[in-house]
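Now for the letters of each chain:
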Amino acid sequence: MKSYHFKSLRARLTAYLVLPVILILLAAGFGGFLFARDRMIEQFHKRVTLQLERAAQKIEQRLSRPVELMRLFANSGISESNDGLLEAIVRRLETLPEVARVNLKWHAATDPAHHHGRRYGAMGNGRMTRFKRGTITSISIPTVEESTDMQTVSVSMILLDSADSAVGNLEIVLKFNYLISGLTASPWWQSTMACIADRETGRIVLSSGLMEGRTMLGETGSPLEQAIKADISKKTVGTLWPPGHPPDYVAGFHSLETFPWALVVFADGKTALAPIIAFRNGFLIGALILVALVVGIIHVSVGRISDTIRHLAQRAISIAAGDYGESIKVNSRDEMGQLAQSFNRMIEELREKEMIQRTFGSYVDADFARVLMKKPEVGRLGGRRQEVIILMTDIRGFTPMTKDLSPEKIIDMLNGYFSAMIPLVQQYHGIIVDFVGDGILAFFEPINESLCDATHRCMQCAFEMNADIDRLNQEMSRQDLPELKMGIGINCGPVVVGNIGSEMRKKYGIVGAAVNVTQRIQAEAEAGEVVISQSIFDMAESHVTVIRNFSASLKGVASTMQLYTVVPKTTHTQSG
């Protein structure tokens, strides 16, 4: 896929800033729309649920009195002494304004034995027949009586004896219009599509608005009505919000406790979502204004940013050519100012690194090199006379060992050796002067410390170098390389310390007779030995154990020198 290349920083910033702003605004707008829509749905649910709950409570309240009296009647039939109470309950039912009439019917008298010895009064003799309990069996749909032209609903109760045989029926006929008068008078019922529907069949008992004259939910094929029809048979209360932005209609329902009916209302989707639509339109207008503002800010401010970046790019080219020049002037405290400050710090660090590289190469620990660089004489050619600790190593029998090896094997062996030894010298802040064939020449300069402290650093380094040879030889064995044996010599003496070479190429090193004497001491060391001079022993005596001491006549040294082969103090070896 071919990538698009911007011709200017302004175009790049415009694309990289405006596009995310647009995406963020779209995401925020979409999220805000969903959030607002959810809140509107929640508000609709609460409002509709409250309206329907109140309407259901009014109907239930008007129905509760006759139903409670029916249940009282059913609970009072077991005792003969309650005949008067049963008659009173019937008379009370007949006086209720919501009751059109009461029908109490007894079945034909049966054999007393059939009733397990309980005495029943004969039907028609003015006495109530005995029964044990009553159960409401059905509630009819509203019907219009031809004789009275009144719309009524009947509630039937079957009366059962102790053997659960039917002995009679109690029916109350309720005035349907009286039950729903509070509902039909409500403003929302008059202004909204609403109905009362049977929960089991979906048959419409009562309707208003555009649903006037309808007989069944879902008969028009409306998915919303079909969903409502399915929900009212399973749930007590709920709302439905169909797909669409906005949907044509939204709906809610609430079931009645006593009647097998549910109140259902439908609302226009645009009306319900009117606040969301207003929010969406306002958001789009605000987003367009904000995008235009961002584009204007970019065009106004991008010129200064472009100039700064262009200047930084030109300076970067000069630095790559080795011309560090002057620091960049910082004109602000914002991100561009911070970038200029960071660029200036980079220039200083590059200058310092180049100075370290030119002066110390890669043979001095970087942190220690920075300490050395704080000394003003380090950066100049020339030197000073100072007493230092000198260490020299050499691989024993290297020449005969390598005569049968290929050049590649020899290089691998030396690289492995130096890779193991150099980090140890750097760890103890030693300064590597040179590699003498297969040997290492290093010195330990007392920087902000005593010569004795520098001696201890050097001795620790030497002991660790000797100990590391065993690990190195295991690696050599895996590479089919011969085992290495190393001797180490350590001496202390005055030398000239400083930069040797020219301004173009120089190194920090030492020269003097003490260097040659150290080389002669190293030659006296057997494989695996650390041999030190008398001056070193005097400073390190408390930290080492002598395993061999001897006198040696060294080339270039007028008198005999006393030398010591030592190991760390913790090593218990008998002196020879």
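First, a word on what this report is: a plain description of the structure on this page. (Residues numbered from 1 in each chain as written. Predicted model: local features only at pLDDT ≥ 70, side-chain atom pairs only at ≥ 80, totals over all residues. Heavy atoms only, no water.)

**A closer look at the overall build of the protein chain**
Thought 1: Scanning the protein chain for helices and strands turns up 15 helices and 18 strands.
Thought 2: Per-residue burial for the protein chain yields a buried fraction of 41% across its 576 residues.
Thought 3: For the protein chain, restricting intrachain contacts to residue pairs at least 6 apart in sequence, the fraction spanning at least 24 positions comes to 62%.
Thought 4: Total accessible area computed for the protein chain in this model is approximately 30900 Å², and 55% of it derives from carbon and sulfur atoms. (Helix = DSSP H or I, 4+ residues; strand = E, 2+ residues; numbered from the N terminus. Buried < 20%, exposed > 50% of the residue type's maximum accessible area, 1.4 Å probe, protein only. Contact = heavy atoms within 4.5 Å. Areas by Shrake-Rupley, 256 points an atom, 1.4 Å probe, with all protein chains shown as cover.)

**Some words on helix 12 (residues 407-427)**
Thought 1: If you check helix 12, its first and last C-alpha atoms are 30 Å apart, about what 21 residues at 1.5 Å a residue would give, namely 30 Å.
Thought 2: Those residues of helix 12 not exposed but buried are I410, M413, L414, Y417, F418, A420, M421, I422, L424, V425 and Q426.
Thought 3: Directly after helix 12, the chain includes H429, whose backbone phi takes a positive value near 60°. (Expected span 1.5 Å × (residues − 1).)

**Overview of the pattern of salt bridges**
Between side chains of opposite charge, a pair can form as their charged atoms come close.
Thought 1: Overall, the coordinates contain 11 salt bridges when judged by the stated rule.
Thought 2: The shortest N-O distance in the salt bridge between R471 and E475 comes to 2.5 Å. In this pair, R471 and E475 both sit in helix 13 (residues 451-478), four residues apart, roughly one turn of the helix.
Thought 3: A relative accessible area of 35% places R471 in the partly exposed class.
Thought 4: Exposure remark for E475: the relative accessible area of 29% places this residue in the partly exposed category. (Salt bridge = Lys/Arg side-chain N within 4 Å of Asp/Glu carboxyl O.)

**Structural notes on the packing of aromatic side chains**
Thought 1: Scanning the entire structure with this criterion turns up six aromatic pairs.
Thought 2: Centroid distance W106 to F131: 6.0 Å. Interplanar angle 35°. Geometry classified as tilted. On the criterion of sequence distance, the pair formed by W106 in strand 1 (residues 99-106) and F131 in the loop between strand 1 and strand 2 (133-139) is long-range, its members being 25 residues apart.
Thought 3: Relative accessible area serves as the criterion here: at 2%, F131 is assigned to the buried category.
Thought 4: Grouping aromatic residues by their ring pairs yields a cluster made of F73, W106 and F131. (Phe/Tyr/Trp six-rings, centres within 6.5 Å; stacked < 30°, edge-to-face > 60°.)

**Section: the sheet that holds strand 6 (residues 193-198)**
Thought 1: Reading across from one edge, 7-6-10-9-8 is the order of the five strands in this open sheet, with antiparallel pairing throughout. On the outer flanks of this sheet lie strand 7 (204-208) and strand 8 (237-240), each paired with one strand and no other. In this sheet, neighbouring strand axes are inclined to one another by 15° on average, regardless of whether the strands run parallel or antiparallel.
Thought 2: In this sheet, strand 7 lies alongside strand 6 in antiparallel orientation, the contact comprising four bridges. If you follow A197 over to strand 7, its bridge partner there is I204.
Thought 3: Lying on the sheet, helix 6 (residues 223-232) is in contact with strand 6, strand 8, strand 9 (249-255) and strand 10 (261-268); it crosses strand 9 at an angle near 20°. (Pairing = 2+ DSSP bridges. Axes fitted to C-alpha atoms, helices over the stretch in contact; angles between N-to-C directions.)

**Concerning a nonpolar patch on the surface**
Thought 1: Where nonpolar side chains cluster on the molecular surface, the patch consists of L19, I22, L23 and L26 and spans about 370 Å² of accessible area.
Thought 2: Here L19 lies in helix 1 (residues 9-75). (Patch = residues over 30% accessible without salt bridge, like charges linked within 9 Å, V, L, I, M, F, W, Y side chains within 5 Å.)

**Quick notes on the nonpolar core**
Thought 1: Counting residues in each nonpolar core, the largest one holds 51 residues, and the members touching the most others are F73, L93, L174, I196, F259, W261 and L263.
Thought 2: Take this core: its biggest share by element is 14 residues, from helix 1.
Thought 3: Sequence-distant contacts of L174, defined by excluding residues within four places in its chain, comprise L63, P66, E98, V99, A100, Q151, T152, V153, V155, L179 and F259.
Thought 4: By size, the runner-up hydrophobic cluster in this structure holds 47 residues, among which are I389, M401, M421 and C492. (Core = buried A, V, L, I, M, F, W, Y, C linked by side-chain atoms within 4.5 Å.)

**Details of the side chain of D438**
Thought 1: Here D438 shows up in the loop between strand 12 (431-436) and strand 13 (439-444).
Thought 2: The side chain of D438 sits in the buried core without any salt bridge; R396 is the nearest counter-charge, 6.6 Å away.
Thought 3: Within the structure, D438 has its side chain in polar contact with the backbone nitrogen of I395 (distance 2.9 Å). (Lys, Arg positive; Asp, Glu negative; His and termini not counted. Polar contact = N/O pair within 3.5 Å; in protein donor to acceptor, adjacent residues only side chain to side chain.)

**Some words on unusual backbone geometry**
Thought 1: For D164, which is not glycine, the phi torsion reads 60° and is therefore positive.
Thought 2: Among the structural elements, D164 can be located in the loop between strand 4 (151-160) and strand 5 (166-175).
Thought 3: A relative accessible area of 47% places D164 in the partly exposed class.
Thought 4: In this model, N448 sits at a positive phi of 55°, which is unusual for a non-glycine residue.
Thought 5: You can see N448 is positioned in the loop between strand 13 and helix 13.
Thought 6: Given the relative accessible area of 79%, N448 is considered exposed.

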